[in-house]
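Below are the chains, spelled out letter by letter.
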Amino acid sequence: MPTITIASKGDSRFLVTIEERGRTTTHMVTTTAQDVARYAPPGASPERLIEASFEFLLEREPASSILSTFALPVIERYFPEYPAEIRKRL
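Position labels on residues start from 1 in each chain and follow its written sequence. Per-residue local features of the predicted model are confined to residues with pLDDT of at least 70, and side-chain atom pairs are confined, for both listing and counting, to 80 or more; whole-chain, interface and lining totals are unaffected and use all residues. With hydrogens and water stripped out, all remaining heavy atoms of the structure feed into the side-chain values.

S.K.: I tried to follow the packing of helix α2 (residues 46–58) against helix α4 (residues 82–89) on my own but got confused; where do I start?
M.R.: Packed helix pairs are characterised by how far apart their axes lie and by the angle those axes make with each other. Only the stretch in contact is used when fitting a helix axis, every axis being a line fitted to C-alpha atoms; angles between N-to-C directions are given from 0 to 180 degrees. Elements are defined by DSSP. Helices are runs of H or I of four residues or more, strands are runs of E of two residues or more, and each kind is numbered from the N terminus. Two elements in contact, α2 and α4, have axes whose closest approach is 10 Å; the angle formed by their N-to-C orientations is 120°. The handedness of the crossing between α2 and α4 is right-handed. Listed contacts from α4 to R48, L49, A52, S53, E55 and F56 of α2 are Y82, E85, I86 and R89. Crossing chirality is assigned from the near helix's rotation relative to the far helix, an anticlockwise turn below a right angle marking it left-handed and a clockwise turn marking it right-handed. Residues count as neighbours in contact if any of their non-hydrogen atoms are within 4.5 Å of one another.

S.K.: It is not clear to me how the pairing of strand β1 (residues 3–8) should be interpreted in this structure. Could you clarify?
M.R.: The side chains of a regular strand alternate, residue by residue, between the two faces of the sheet. With six bridges joining them, β1 and strand β2 (residues 13–20) adopt antiparallel strand pairing. Each bridged residue has a counterpart across the sheet, and for A7 the counterpart in β2 is L15. Criterion used throughout: strands pair if DSSP finds at least two bridges between them. Linking two consecutive strands that pair antiparallel, namely β1 and β2, is a turn of four residues; a positive phi of about 75° is found at G10 within it.

S.K.: Mind showing me how you'd approach the layout of surface pockets here?
M.R.: Left-over empty space is what a probe sized like a water molecule reveals as it rolls over the atoms. Approximately 180 Å³ is the volume found for the largest pocket. Cavities and pockets were defined on a 1 Å grid built over protein atoms only: a cavity is a set of grid points that admits a 1.4 Å probe from which the probe cannot escape, a pocket is an open set flanked by protein on both sides within 12 Å along at least five of seven lines, and lining residues are those with an atom within 4 Å of any such point. Around the largest pocket, the lining residues are I18, E20, R21, R23, T24, T25, P62, A63 and S64. At the level of elements, β2 and β3 (23–30) are the ones that each hand at least two residues to the lining of the largest pocket. The greatest single-element share of the lining of the largest pocket, amounting to three residues, is contributed by β3. In the scheme used here, Gly and all other residues not listed as nonpolar or charged are polar, with Ala, Val, Leu, Ile, Met, Phe, Trp, Tyr, Cys and Pro taken as nonpolar and Asp, Glu, Lys and Arg as charged. Considered class by class, the residues forming the lining of the largest pocket number three nonpolar, three polar and three charged. Grid points are joined across faces, edges and corners, and a volume is the space filled by probe spheres set on the points.

Dropping the structure here:
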């Protein structure tokens with residue numbers, strides 16, 4: 001399983017680094033308080049939501065295929081099952 005590291009960059013932006021088999025990818029993800037309230041149960045942190053979201057993505061595509069910059073709701077455009085599936089993980 002890849003190593004997922006999340007660092008807050010302020011203003012609802014998070015730098016996500018994925019390390020797997022000697023390769024590293026980086027991704028800038030934006031998420032708002034409204035996104036967290038929509039996708040995660042009460043009390044879940046933005047970081048945990050993002051980590052679970054990347055676990056979800058990595059089950060479906062390689063890290064190199066994940067967009068380098070995106071807002072969290074974009075995942076739902078590509079994977080309509082995301083909202084229901086992500087709540088089960090948190």
